[in-house]
Amino acid sequence: GLCLLVLRVFIGVHVLLVSCALPDSVVRRFIVRVMCSVLGLLVRQSDPQLRGAGARVFIANHVTPFDHNVVSLLTSCNTPALSGAPGFICWSRGFMELGVTGSRAELVDSLKEYSAHRGNPPLLLFPEEAATNGRAGLLRFSSWPFSILDEVQPVALQVRRPLVAVSVADSSWITELLWTFFVPFTVYQVRWMPSVPRRADERTEDFALRVQELLAMELGVVSTRITAADRTEHMKRLRHTSRLPFAPGGGPGYGTSAWALLLGGPLVPSSLPGGAPEDVRVVAMAQQVKEVLPHVPLEVIRTDLVQTNCVDTTIANLLEGRVPFFPESKEDEDLPAPSTSQAAAASGIQGTVAAPSSKPATKQFAKSPVERHLSLQERKRALYDYARR
């Protein structure tokens, strides 16, 4: 593996030089594709006759940081740089710099202007806006790529490699590149699908959802409603809960099978018994939400947690009124007894530090979103302090 890595780094420099020296053409794509096969990047395609059949926008699922490079080996296309500082790194990775640093509306206007010139290559866009391993489902598609033109062509990408997982969560593009050079080969399967036009009076969000469903069916995965922002929050929570003593599972296993398959992590928490880890985890999360919002019935919390599988999302849903409920009476507002682990921890330090009898309970549901947010943050800090004691 190390010998392959050193050799392929040397060859990769030559691939970059050839890509820069030759103009975009069939000859250049053939030469670079052959050289990439030496690097261990094997590219296969299905239904090439459908490729570029009048469509000016390609829509693909996102698996690795090099998806756009792989597709560009098969056909001429450009992918705009949506993040990261412009410069040599952005250019060398094959992104197109538009010079737009403002809102998405400005980006869409710039891409519309780009697509209006028939001489420009088609656009290759990734509405998921974040990479997953592609084995469980698709992240929810953003709607802005579907507001550029009224016809798009879906492209289904599947990646597999031996020994090492594809698109491990929180890994950088450099790490992914080095692993690609290290393993014997990485196979990219590109499947071209027929173009999909927008229906009459179809909203952009509905158009995006319909294309997402078509891609999910082609890949044999589910079409989720998890967004790239949810993925980012989930990874932050995993990093945070791994350092908290009361975190369910005590580490990165805090997540469902769908999350684990999407992000390349373990399927179930390692510290939970194999009998019913999902039920135990939901009960633990419901206890956390109940401690933050004691006036919310526990059954309502559990029902929403089954849907969201996220403590923060459930708390936000309850605070913002997206989940209707009847507040419990004053007698029921007292917090439930501490869990077994918390009781043991409290008894262990009873001789030296007096554990707080209860946490401050919200006696009145604030009407202002700002007040609710401040109250939530205050209760979270109190909960963390209590758990650390």
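Each chain has its residues counted from 1, running along the sequence as written. For this predicted model, a pLDDT threshold of at least 70 governs which residues receive local features, and a threshold of 80 or more governs which side-chain atom pairs are given and counted, while totals over whole chains, interfaces and linings are taken from all residues. The basis for the side-chain values is all heavy atoms of the structure; hydrogens and waters are excluded.

In the annotation of an unreviewed UniProt entry, the entry for the chain reads Lipid droplet-regulating VLDL assembly factor AUP1, and the organism field reads Nicator chloris. UniProt positions are given in the numbering used here, feature names are shortened, and annotations may be inferred rather than shown by experiment. Under the UniProt heading Sequence similarities (unreviewed entry), the note attached to the chain is "Belongs to the AUP1 family."

V15, L124, V155, L157, V190 and W192 are the most contacted members of the largest nonpolar core, which totals 28 residues. Those elements that place two or more of their residues in this core are α1 (2–21), α2 (26–38), β1 (41–46), β2 (57–60), α3 (67–72), β7 (151–160) and β8 (186–192). Setting aside its immediate chain neighbours within four residues, V190 contacts V43, R44, Q45, S46, V70, L74, V155, A156 and L157. Definition used in this section: a nonpolar core is a set of buried Ala, Val, Leu, Ile, Met, Phe, Trp, Tyr and Cys residues joined via side-chain atoms within 4.5 Å. Each residue gets one of three labels from its accessible area relative to the maximum for its type: buried under 20%, exposed over 50%, partly exposed in between, using a 1.4 Å probe on protein chains only. V57, A208, A216 and V221 belong to the second largest nonpolar core, which has 25 residues in total. We count a stretch as a helix when DSSP gives it H or I for four or more residues in a row; a strand needs E for two or more, and each element gets its number in order from the N terminus. Contacts between residues were defined by any pair of non-hydrogen atoms, one from each residue, lying within 4.5 Å.

We now examine the side chain of R161. The topology assignment puts R161 in the loop between β7 and α6 (173–182). Polar contact criterion, stated in full: a pair of N or O atoms within 3.5 Å, where within protein one must be able to donate a hydrogen and the other to accept it, and residues adjacent in sequence count only if both atoms are side-chain atoms. Here the side chain of R161 touches E176 through a polar contact of 2.9 Å, side chain to side chain. Leave out the neighbours within four places in its chain, and R161 touches V166, E176, T180, V183, F185 and T186.

To continue, consider α1. Expected span of a helix: the number of residues minus one, times 1.5 Å. The first and last C-alpha atoms of α1 sit 29 Å apart over 20 residues, in line with the 28 Å expected at 1.5 Å per residue. Buried residues of α1: L5, R8, I11, G12, V15 and S19, and no others. Those residues of α1 hidden inside the fold are in contact with α2 and α6.

On to helix α11 (residues 298–308), then. All of the buried residues in α11 are I301, D304 and L305. All buried residues of α11 fall inside an arc of 105° around its axis, so they share one side. Exposed positions of α11 whose direction lies more than 90 degrees from the buried face are E299, V306 and Q307. One or two residues past the end of α11 sits N309, with phi positive at roughly 55°. This arc describes the spread of directions from the helix axis toward the C-beta atoms.

Bringing the pattern of salt bridges into the picture now. Should a side-chain nitrogen of Lys or Arg be within 4 Å of a carboxyl oxygen of Asp or Glu, the pair is scored as a salt bridge. One pass over the structure, following the stated rule, counts nine salt bridges. Where R191 meets E218, a salt bridge forms, and the shortest distance between an N and an O atom there is 3.0 Å. Placement of the pair is R191 in strand β8 and E218 in helix α7 (residues 204–219), with a sequence separation of 27 residues. Residue class for R191 comes out buried when judged on its relative accessible area of 17%. For E218, a relative accessible area of 34% puts it in the partly exposed group.

This next bit is on the packing of α11 against helix α12 (residues 311–319). Running from N to C, α11 and α12 point in directions that differ by 125°, and their axes come no closer than 9 Å. One finds that α11 runs oblique with respect to α12. As α11 runs across α12, the sense of the crossing is right-handed. Residues V300, I301, D304, L305 and T308 of α11 form the contact with α12, whose participating residues are V311, T313, T314, N317 and L318. Among the residues making up the contact of α11 with α12, the classes are represented as five nonpolar, four polar and one charged. To obtain each axis, a line is fitted to C-alpha atoms, and for helices this fit is confined to the stretch in contact; angles are then taken between N-to-C directions over 0 to 180 degrees. Throughout, the term roughly parallel applies to angles under 35 degrees, roughly antiparallel to angles over 145, roughly perpendicular to angles from 65 to 115, and oblique to all others. The handedness criterion is simple: a crossing whose near helix is rotated anticlockwise from the far helix by less than a right angle is left-handed, and one whose near helix is rotated clockwise is right-handed. Charged residues are taken to be Asp, Glu, Lys and Arg, nonpolar residues to be Ala, Val, Leu, Ile, Met, Phe, Trp, Tyr, Cys and Pro, and polar residues to be all remaining types, Gly included.

This brings us to the packing of aromatic side chains. Note on aromatic contacts: the rings of Phe and Tyr and the six-membered ring of Trp form a pair at centre separations within 6.5 Å, being stacked when their planes are under 30 degrees apart, edge-to-face when over 60 apart, and tilted otherwise. The tally for this structure, following the rule as stated, stands at four aromatic pairs. Relative to F146, the ring of F141 lies with its centre 6.2 Å away and its plane at 20°, an arrangement referred to as stacked. Between the aromatic rings of W179 and F182, the centroid separation amounts to 5.4 Å while the plane-to-plane angle is 85°, which identifies the pairing as edge-to-face. Remark: F182 and W179 occur in helix α6; sequence separation between them is three residues, near one turn of the helix. Put simply, the rings of F141, F146 and F207 touch in pairs and so form one group of aromatic residues.

Our focus in this paragraph is the packing of α1 against α2. For the pair α1 and α2, interaxial distance at closest approach is 10 Å and the crossing angle is 175°. As judged from the angle between their axes, α1 and α2 are roughly antiparallel. Each of R8, I11, H14, V15, V18 and S19 in α1 lies in contact with α2, whose residues at this interface are R28, I31, V32, M35, C36 and V38. Looking at the contact of α1 with α2, its residues break down into eight nonpolar, two polar and two charged.

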